[in-house]
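A look at the structure
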Amino acid sequence: MKSEYFINPMAAKFRGVIKSIIRKRILLVPIPVILDTDIGFDVDDVWALALMLKSPELDVKLIVTDTGDTHYSARLVAKLLQVAGREDIPVGIGIPLDFSPRTHELWLGDFSLDDFRGQVFSDGVGAICDTIMQSSEQVAIICIGPVPNIAAALLREPRITENSRFIGMHGSIRRGYLGASKPMKEYNVKKHTASCQSVFSTPWDISITPLDTCGTVILKDENFARLKDSDDALTKAVLENHFIWCEAVKDWPVLADMDPATQSSLLYDTVAIYMAFSEDFLEMESLPIVVTDDGKTMIDETGQMVRC
């Protein structure tokens, strides 16, 4: 039983790596991806979505909103897709759970899903299952928020693991927020811990960027200035959301020393997008990971092997 538990994910990982190499080195065929996001609270989801849309290596099949007011989040996704000229990408409305501040409402305005010319799925979980099961290629599910949608999809259609891999911005292995020397309870894990336990205990090809790495990513100085000078419509929309968000959360102590005119906030979620098509700038380590009942991600020999 234990050997089967480890061999299946390793075999899936091997197949995924081979396909990735073929795409990248020979065929240059974009990788099919689904984005599962709690966009609408922290602005890093907006940056991540834009990075995904600007990455020719990725073929975006579906974007589904997760946690909080998922209808509001779907409106935000739809407007960004409209700005980007990508209304060919369907939007799914995920499971609405909890309250999250709507920090992007000023930019969103009165935009309605009726204004979106693309397809909108009211059953986002069903859309995830159908997209994976109907795909002729392995799909990368990029999760940049809590994972109730993914846990629900696994219950509804367990076979999705046979044609997909999971890439997440989750956890804290050896370092915490702001480079703290001790691991912490990371938001995307502790928000809905039971869902995360379900996902991380499923035999699957799982890769994550924990706080250890993604918690160091900031765009600043000349690189940030280049974006401010850009005439690209999507880039402008990202920066508009950046400034509106910074004003909405200006009382957060963690932002006290941040100058929104010269740098971004921490762009945690962008690393997960990058991981979907490349690991060139990353050091990967396979570790047995357990999600505890109180929301910690710990190295434990009884855990599922996860690429971190």
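Description of the structure in this document. Fair warning: this is a prediction, and the values are worked out from it, not measured in the lab. (Residues numbered from 1 in each chain as written. Predicted model: local features only at pLDDT ≥ 70, side-chain atom pairs only at ≥ 80, totals over all residues. Heavy atoms only, no water.)

1. Description of the nonpolar core
Selection rule: Among buried residues, those of type Ala, Val, Leu, Ile, Met, Phe, Trp, Tyr and Cys that are joined through side-chain atoms within 4.5 Å constitute a nonpolar core. Accessible area is worked out with a 1.4 Å probe on protein chains only. A residue is then buried under 20% of its type maximum, exposed over 50%, and partly exposed in between. In what follows, residue pairs with any heavy atoms lying within 4.5 Å of each other are defined as contacts.
Counting 58 residues, the largest nonpolar core has Val33, Leu49, Met52, Ile63 and Leu80 as its most contacted members. Among all residues touching Ile63, those that are not within four sequence positions of it are Leu35, Thr37, Leu49, Met52, Val77, Leu81, Ile89, Pro90, Val91 and Gly92.

2. Regarding the packing of aromatic side chains
Where we set the bar: Two aromatic rings from Phe, Tyr or Trp, using only the six-membered ring of Trp, form a pair when their centres are within 6.5 Å; if the ring planes differ by under 30 degrees the pair is stacked, by over 60 it is edge-to-face, and anything between is tilted. Where helices and strands are cited, they refer to DSSP runs of H or I of at least four residues and of E of at least two residues respectively, numbered from the N terminus. We count a charge as sitting over a ring when the NZ of a lysine or the CZ of an arginine lies within 6 Å of the ring centre and within 35 degrees of the ring normal.
In the structure shown here, the tally under the stated rule is seven aromatic pairs. Ring geometry for Phe166 against Trp204: centres 5.6 Å apart, planes inclined by 50°, an arrangement best described as tilted. With Phe166 in strand β6 (residues 164-168) and Trp204 in the loop between α8 (193-200) and β7 (206-208), this pair connects stretches of sequence that are 38 residues apart. Owing to a relative accessible area of 2%, Trp204 belongs among the buried residues under this scheme. Taking the centre distance of 6.2 Å and the plane angle of 85° together, the rings of Tyr177 and Tyr268 count as edge-to-face. Taken as a pair, Tyr177 in the loop between β6 and α7 (187-190) and Tyr268 in the loop between α11 (233-248) and α12 (270-275) lie far apart in primary sequence, 91 residues in all. Feature note: the residues Phe41, Trp245 and Trp252 constitute an aromatic cluster, connected by ring pairs. Here the basic side chain of Lys79 rests over the ring of Trp107, its NZ or CZ set 4.3 Å away from the ring centre.

3. Structural notes on helix α3 (residues 70-84)
The condition is simple: For a helix, the expected span equals 1.5 Å multiplied by the residue count minus one. Here a polar contact is taken to be a pair of N or O atoms separated by no more than 3.5 Å, where protein atoms must pair a possible hydrogen donor with a possible acceptor and residues adjacent in sequence count only if both atoms sit in side chains.
Over its 15 residues, α3 runs 21 Å from end to end, which matches the ideal 21 Å to within 8%, given 1.5 Å per residue. For α3, the set of buried residues is Thr70, Tyr72, Ser73, Ala74, Arg75, Leu76, Val77, Ala78, Lys79, Leu80 and Leu81. Those residues of α3 hidden inside the fold are in contact with α2 (44-53), β2 (58-65), β3 (91-93), α4 (105-108) and α11. Of the residues that open α3, the one with a side-chain oxygen 3.2 Å from the backbone nitrogen of His71 is Asp69.

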